[in-house]
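# Survey of secondary and tertiary structure
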Amino acid sequence: MIESRKYIIIGVFCLVGLVYLARLFYLQILDDTYSLGARNNSIKRIIEIPHRGQIYDRNGQLLVYNTPVYDLYVTPKKVRIPDTLAFCRLVGLERTEFDSIMTEIKAYSSVKPSLFLRQLSKEDFARIQDALVDYQGFEHVTSSMRTYPARTMANALGYVSEITKKQLEDQETPYYRQGDYIGKSGLEKFYEEELRGHRGIKFVMQNVRGVIKGSWKNGAFDSIAVAGKSLYTGIDLTIQQYADTLMQNKVGSVVAIEPSTGQILCMVSAPSYDPNSLSSRFFSKSYKKLAANPYKPLFNRPIQASYRPGSTFKLIQSLVGLQEGVINQYSTFSHAGVPMKCHGHPAGIHLSGAVQYSCNPYFYRVFQRILYNNTERNTFTASAVGLERWHNRVSKFGIGQKLGIDLPSELRGTLPDVAYYDKRIGKKRWKFSTIASISIGEGELLISPLKMANVAAIIANRGYFYTPHIVSGIGEPGKNMHEEYQVKHDVGINSNHFAPVIDGMQMVVERGTARRSFIPDIVMCGKTGTSQNRHGADHSVFIAFAPRNDPKIAIAVFVENAGDGGAAAAPVASLIIEKYLKGHVNKSLETRVKAQNFLAGALPKSNYPKKPVQPKPDSAKKAAERKPMLVGGSANAGQPIPVRPVTNTSEKPSVPQPTSLNRN
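Cut-off values and rules
Residues numbered from 1 in each chain as written. Predicted model: local features only at pLDDT ≥ 70, side-chain atom pairs only at ≥ 80, totals over all residues. Heavy atoms only, no water. Buried < 20%, exposed > 50% of the residue type's maximum accessible area, 1.4 Å probe, protein only. Helix = DSSP H or I, 4+ residues; strand = E, 2+ residues; numbered from the N terminus. Arc of directions from axis to C-beta. Contact = heavy atoms within 4.5 Å. Salt bridge = Lys/Arg side-chain N within 4 Å of Asp/Glu carboxyl O. 1 Å grid on protein atoms, 1.4 Å probe; cavity = no way out; pocket = protein on both sides within 12 Å on 5 of 7 lines; lining within 4 Å. Points joined across faces, edges and corners; volume = space filled by probe spheres on them. Nonpolar A, V, L, I, M, F, W, Y, C, P; charged D, E, K, R; others polar. Axes fitted to C-alpha atoms, helices over the stretch in contact; angles between N-to-C directions. Parallel < 35°, antiparallel > 145°, perpendicular 65-115°, else oblique. Pairing = 2+ DSSP bridges. Core = buried A, V, L, I, M, F, W, Y, C linked by side-chain atoms within 4.5 Å.

### Observations regarding helix H22 (residues 587-595)
Taken residue by residue, H22 has Leu589, Glu590 and Val593 as its buried positions. One side of H22 carries all its buried residues, which in axial view fall inside an arc of 100 degrees. Among the exposed residues of H22, those oriented more than 90 degrees off its buried face are Lys587, Ser588, Thr591 and Ala595. Buried residues along H22 sit in contact with helix H10 (237-246) and helix H21 (569-582).

As structure tokens, then:
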């Protein structure tokens with residue numbers, strides 16, 4: 001019995017020994033996990049970030065390029081820092097900043113490399129490169145920083161910044177890593193896939209101290225990074241920068257389009273800022289400062305601001321009336337019974353004269369005829385049927401919808417229809433007399449500067465447009481652009497109807513409300529407008545194109561709180577057109593425009609201090625040093641004043657009375 005137990009115990013020990021031997025055989029001979037782990041200590045996988053594509057203007061001048069910089073990454077589990085304070089002094093951080101960064105990185109992962117310090121210049125990296133060998137766990141990656149040599153078009157070009165956690169989680173196809181840069185606004189965001197390129201992978205040999213000794217297997221497994229595609233735009237940098245100077249000390253927009261292609265020649269959102277301020281490792285501080293600026297420089301006014309178009313909308317009313325057959329170019333109207341005032345002009349004017357003198361009663365009658373189909377049936381049913389017919393015609397001009405420009409965050413604006421008034425006023429509780437204000441471009445109409453520039457392009461083309469776009473070529477000039485920007489859109493107005501309207505627009509410039517902006521030797525056709533603003537002084541509006549025959553440029557200018565269209569907007573447009581077509585300008589007009597300052601008028605009076613503090617004579621110099629400055633315009637009297645909110649599509653304007661006066 002005892003003998004048999006002995007053999008059992010010996011058998012158990014032999015079995016355990018065989019299991020151990022089998023396991024050792026598997027680990028050492030069959031399983032290569034530890035072999036690969038050892039190899040990983042000497043082979044390093046390096047991700048190569050491609051350079052983003054550059055951006056050029058129509059003449060080949062750089063708008064955006066890349067400056068080489070270095071990003072510092074850290075793997076928390078590998079970190080060995082003998083003296084933390086010495087390390088902080090080396091990289092230029094406070095101890096609290098270091099602790100905050102490391103805490104956030106460890107929360108993400110202790111074993112994966114994470115971005116520690118971004119965008120070190122060549123000089124900064126050279127200063128710390130040798131010392132980094134003594135700090136295990138830190139490694140550098142060559143990167144690039146977006147640089148904007150022209151310092152213009154900040155809102156349209158956009159900016160890049162670190163990808164957010166949500167964007168990482170929402171990726172359909174994994175590509176980005178924590179710390180990667182991604183386009184956040186403007187062209188940088190819209191063309192992100194084209195600009196970013198494709199990253200490469202490189203395997204290198206390194207020693208135990210992390211010093212690279214060369215490529216692994218002569219780069220047999222490496223993949224080369226492919227740089228992003230460059231963008232070629234229709235922007236004329238000379239005109240863009242000139243428009244910037246004209247919009248200094250003003251709040252508003254300039255949009256100029258080449259009618260024959262839809263390419264945008266210049267796009268100004270004023271006040272603006274230096275785009276380089278959002279392209280450094282001090283992005284957060286710069287962004288907070290811009291976000292707190294009372295004049296909202298981050299707000300892209302050409303596509304996001306919405307204004308009542310004022311008298312510029314009378315051009316669309318004219319064309320719709322002609323197409324509907326309710327008027328012809330010789331139609332005249334009496335002012336009797338019209339609640340809107342007129343500006344005073346010769347009696348019995350026809351359509352061209354009504355455009356020239358911006359006759360409110362004339363376009364009140366035109367809109368009335370459109371709604372009632374040339375009858376006098378002032379009923380709700382007639383108004384509803386007519387309004388839908390009118391809405392369908394006007395919407396073909398791109399009003400009340402997104403045009404589809406190659407920029408993110410474009411707003412639709414407002415083009416009221418039956419459903420709109422049924423909701424706002426009530427079913428069968430409105431008729432023509434309730435909504436008559438939209439006959440002269442007021443009331444519930446809200447239109448962006450981009451759309452009004454496109455209206456000018458439509459009239460210049462006598463009835464069609466190409467969707468406005470900034471980029472005219474991807475990878476090569478004039479090549480690979482998105483197909484939707486090559487489609488011609490017809491607005492459904494017969495080409496012969498444009499002649500009397502254009503006649504009137506020419507007379508506006510030569511003998512009408514924009515006569516002070518007349519350009520010798522150039523036949524410019526335009527229309528002034530005064531956009532009513534219940535928050536302060538009215539906005540100045542002007543749209544135009546030139547020359548009359550074979551137009552090269554169509555433009556819209558909005559200057560907030562500057563009064564009638566002929567006072568501020570028309571001179572700006574005139575100078576830009578003259579600069580573009582002739583290369584030189586009327587110096588006296590230029591001097592007058594640059595001297596205009598409408599910043600103070602952009603704000604409600606309630607926001608001004610009741611008793612402004614006047615600096616003492618002997619402290620004038622110090623006061624001047626404290627005076628806040630704005631890119632694109634100076635501050636007013638040294639006082640940072642909150643901005644007046646721009647009328648936009650989120651606003652709910654009250655229904656105006658038909659007695660509203662449009663001065664243009």
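Anyway, onward from the coordinates.
### A closer look at the pattern of salt bridges
Opposite charge on two side chains allows them to pair when their charged atoms are near. Applying the stated criterion to the full structure yields 20 salt bridges. Glu188 serves as the salt-bridge partner of Arg52, at 3.0 Å between the closest nitrogen and oxygen. Of this pair, Arg52 sits in the loop between strand E1 (43-48) and strand E2 (55-56) while Glu188 sits in helix H8 (residues 186-190), and the two are 136 residues apart along the sequence. You can call Glu188 buried: its relative accessible area is 0%.

### Considerations on empty space enclosed by the protein
Considering all chains together, one arrives at 1 cavity of 30 Å³ or more under this definition. Taken as a whole, the largest cavity holds about 30 Å³ of empty space. For the largest cavity, the full set of lining residues is Ile257, Pro259, Gly262, Asn454, Ala457, Asn461, Phe465, Tyr466 and Pro468. Here the lining of the largest cavity is built from residues that sort into 6 nonpolar, 3 polar and no charged.

### Details of the packing of H10 against H22
Axis separation between H10 and H22 bottoms out at 8 Å; the angle between their running directions is 60 degrees. Between H10 and H22, the interaxial angle falls into the category oblique. Residue-level inspection shows Tyr242, Thr245 and Leu246 of H10 in contact with H22, the latter providing Glu590, Val593 and Lys594. Classifying every residue of the contact of H10 with H22 gives 3 nonpolar, 1 polar and 2 charged.

### Some details on the sheet that holds strand E12 (residues 263-270)
An order of E12-E11-E18-E17-E16 is seen for the 5 strands of this open sheet, with the pairing classed as antiparallel. The open sheet is flanked by E12 and strand E16 (525-531), the only strands paired with a single partner. Strand-to-strand twist of the sheet, defined as the mean angle between neighbouring strand axes without regard to direction, takes the value 5 degrees. Relative to strand E17 (residues 539-546), E16 runs antiparallel, the two being bridged by 7 bridges. Residue pairing across strands places Thr528 opposite Phe542, the latter belonging to E17. Helix-sheet contacts for H21 involve strand E11 (252-258), E12, E16, E17 and strand E18 (553-559), and the interaxial angle to E18 is about 150 degrees.

### A word on the nonpolar core
By size, the foremost hydrophobic cluster in this structure holds 133 residues, and its most contacted members are Val254, Met267, Trp390, Ile459, Phe542, Ile555 and Ile576. The element contributing the most residues to this core is helix H19 (residues 449-460), with 9 residues. Setting aside anything within four residues of it in sequence, one finds Ile555 in contact with Val254, Val255, Ala256, Ala453, Ala456, Phe542, Ile543, Ala544, Ala573, Ile576 and Ile577. Counting residues in each nonpolar core, the second largest holds 21 residues, with Leu90, Ile105, Phe125 and Tyr135 among its members.

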